[in-house]
Every structure is written in C-alpha cells, then in structure tokens.
Amino acid sequence: MEKVHVFNAGPCILPQEAIDNAIEALKNFKGTGVSVICMSHRSKEWESVMNECRSLWKELLHIPDTHEVLFLGGGASLQFLYVAMNYLNKKAAYLDTGVWAKKALKEAKGIGEAVAVASSADKNYNYIPKGYDIPKDADYFHITTNNTIYGTEIKEDIDCPIPLIADMSSDIMSRPVDVSKYDLIYGGAQKNVGPAGVIFAIVRKESLGRVERYIPTMLDYRTHLDKDSMFNTPPVFPILVMNETLKWLKGIGGVEAIHKINIKKAELLYNEIDRNSLFVGTAAKEDRSIMNVCFVMSEGNEGLQEEFATFAKERGMMGIKGHRFVGGFRASIYNACKIEDVQALVDCMKEFESLKR
C-alpha cells in the first residue's frame, strides 16, 4: 500500500508516539490495570495527568503567573459564547477574517453591542485587513489568528490598546506567542495539540469578574479556574492525548524548534505552488498561513482539478480537498506533519505538471 500523507484540516495528524502511548493508556493506565477511560477523574493517577499537561502548556509557551490554563469541553464554537459572556460589558470589537471570526462576532451580538472594525470579506477573506482603528471604548478586541478555510494568518502578536482576545485554534504551539499581551487565548485542540473533544483556554486571571450581568455557572471561567478544570468530569481521553502530544513537542525542542520546522515546510510547498505552472495560491503572499496552504488550478487549467485530485489520492495524499467556500486544494501542515510528507506532495505536483506539459 502507498504510504499515506495526511493533510487533514482537522482532526489533525498527531505524532505516532502520542498515539502509541494513548493506546497503551486505553489498555492499562499507569499500571493500574484499568483503562484511562474507566478511571475516576478524582484519582491521583488522573490528577497527575492534568497537572503535567497544565505544566507543559506553561513551560512550552512561557505562560506567566498572571495567566492560568483551562481544559474544557464544547469546542471553540462554544468559546465564542464564553468570550462574550465573560468579557462583553458594553461593547466588543472584532476583526472579521473568515468564517470562524464571523461566527464569534455573531455570538457576541447576541449578548450586546459588537462591531467588526475591519473585514476582508470583500475579497473572499484572502488577506488580513490592515490599517484599522481599534475603538478605545470597547471592552476587548477579538482576533482569529489563523484562518483554516482561507489560508491566512496573523503571524505576530499585535499591540492592542484594549484587552486582546484570540482564537488560536489552528496555530497554537506552532510559533512563539507573547501570552502577556492577551487577556484570553482559546481554541480547539484538534489542529496541533490533540484530538477533538477538548479546548484550551489561557486566561488572565485578573481580567475576569468585570461584567455586570449574571453568567451561568458553566459559562463562567471562574467556575473552572476555582476547580482546576474539574468542576464537572473533564474529557479525560482527549486531555491524555494532548498531554502525550505536548510531551512529544517538548522532546523535539519545543515551540521554538517546531516553528523553524513549520516555516521550512510552508516555504517548501509555497515555493512549488509559485513555480508550478498548473497551480496558484489563493491567499495574499504577505498573509499566507504556515499551517493551512490553499491553492487552486491556474487560469486555463481549471479542468484538471478532478484529475489532479485523483492523481494525488493514488499517491497517498489524504485531505487536500479545499473547503467548499474556496474550492481547489488545501494542505494543512500542522506540527506533526513531517517535512517528508510535504516533500511527497511537492513531488506529486511536479510529476503531474510533467505529465501535462
């Protein structure tokens, strides 16, 4: 069988080491003779996993003592509501860079006044807006740092005059982040740091408790801070896999090391897209994501799309079909995607071009 190269946008490819260790924990967790999914979340064995996972987050991202890490359920989509419930008092500001940013804004509008300070919808979200003004009277400014559907990314921590909140679902742990610049960083685990089923939230502790409304118990970050993310039963297996994934990341040199690798992978693929006569990238070059590489057939070659899709699949390329909002192709090259996988895709694109000349 042809080797499979996984480029799924999510759930993502995970390190084999993390998968193997998780399988062992399913059979026999920490020598207890019991599967991890059958263990009490109040047991000392499980609490050690929670503590280790939290410590790894703090170590890998150099999270200051002003912030705490939470592990919750419900996906990043539920966090759109969490954000507004916990931070929107009078007015919120959002940067509209794609579907997920737009959905986050929608949830905020259901709670109070929320405005988009800028949008790239005019060009189907193929760039990151620039030169916008952040309203000083807003309670917070919300950004989505990486846009999986459109292949754009905010690659540096912005300076913000008001509390800054970021959805980093698809680029967390892919590059260094100055956590001190944010009141909240959140996201789903299933891109870089684990399987679907758990979200991370990095919260500035003193930023909470400032809204005037009642916050339902389960939607109040303080509830989960007070109980170390175990107010209710946490999603134990996804957290265990996350912990194994972060152990792998630490073992290869941490965020700083993987960032260098991610840049090399992205450059390798983008260089081929720009060189190859059959393909063209869809995102503005200065805003290209190093996580999600989006491209289409070049002008005059659109009719070759399905043929290339079949050609690539036969050579083991999995998950490169583009999102329906953009079309074409998308290669998600998250942390655990190896440079050898990217090279295989590049070779596939070169071979296809040579056949069509």
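For the structure, see preceding data.
Residues numbered from 1 in each chain as written. Predicted model: local features only at pLDDT ≥ 70, side-chain atom pairs only at ≥ 80, totals over all residues. Heavy atoms only, no water.

1. Describing the overall build of the protein
Item 1. Each helix and strand in the protein was counted, giving 9 helices and 14 strands.
Item 2. Scaling as 2.2 N^0.38, a compact globule of 357 residues should have a C-alpha radius of gyration of about 21 Å, and the protein matches this with 21 Å.
Item 3. Its C-alpha atoms put the protein at 65 × 55 × 30 Å along the principal axes.
Item 4. Expressed as a percentage of the 357 residues in the protein, the buried residues total 55%.
Item 5. Look at the contacts in the protein between residues 6 or more apart in sequence, and 67% of them connect residues 24 or more apart. (Helix = DSSP H or I, 4+ residues; strand = E, 2+ residues; numbered from the N terminus. Rg over C-alpha atoms; globule rule 2.2 N^0.38 Å. Buried < 20%, exposed > 50% of the residue type's maximum accessible area, 1.4 Å probe, protein only. Contact = heavy atoms within 4.5 Å.)

2. Side note on the sheet that holds strand β14 (residues 329–332)
Item 1. Strand order in the open sheet formed by 3 strands is β11-β12-β14, and the pairing between neighbours is antiparallel. At either end of the open sheet lies a strand with only one pairing partner, and these are β11 (279–281) and β14. Ignoring strand direction, the axes of neighbouring strands in this sheet form an average angle of 35 degrees.
Item 2. Bridge analysis of β11 against strand β12 (residues 292–297) gives 3 bridges, and the strand direction is antiparallel. Looking at the pairing, Phe-279 lines up with Met-297 of β12.
Item 3. Docked against the sheet, helix α7 (residues 254–275) engages β11, β12 and β14, running at close to 15 degrees with respect to β12. (Pairing = 2+ DSSP bridges. Axes fitted to C-alpha atoms, helices over the stretch in contact; angles between N-to-C directions.)

3. Quick look at the sheet that holds strand β2 (residues 67–72)
Adjacent strands of a sheet pair through backbone hydrogen bonds, lying either parallel or antiparallel.
Item 1. With mixed pairing, 7 strands are arranged side by side in an open sheet as β2-β10-β9-β8-β5-β3-β4. In this open sheet, the two edge strands, each paired with only one partner strand, are β2 and β4 (113–119). Within this sheet the neighbouring strands show an average axis-to-axis angle of 20 degrees, counted without direction.
Item 2. Lying on the sheet, helix α3 (residues 75–87) is in contact with β2, β3 (91–96), β5 (141–144), β8 (164–167), β9 (184–188) and β10 (199–204); it crosses β9 at an angle near 155 degrees.

4. Observations regarding the packing of helix α2 (residues 44–61) against helix α6 (residues 236–251)
Item 1. Relative orientation of the contacting elements α2 and α6 amounts to 45 degrees, with a least axis distance of 9 Å. Overall, the two elements α2 and α6 adopt an arrangement that is oblique. Crossing of α2 against α6: the hand is left-handed. Facing Trp-46, Val-49, Met-50, Glu-52, Cys-53, Leu-56, Trp-57, Glu-59 and Leu-60 of α2, the residues of α6 in contact are Val-236, Ile-239, Leu-240, Met-242, Asn-243, Leu-246, Lys-247, Leu-249 and Lys-250.
Item 2. For the contact of α2 with α6, the per-class residue count stands at 13 nonpolar, 1 polar and 4 charged. (Parallel < 35°, antiparallel > 145°, perpendicular 65-115°, else oblique. Left-handed = near helix turned anticlockwise from the far one by under 90°. Nonpolar A, V, L, I, M, F, W, Y, C, P; charged D, E, K, R; others polar.)

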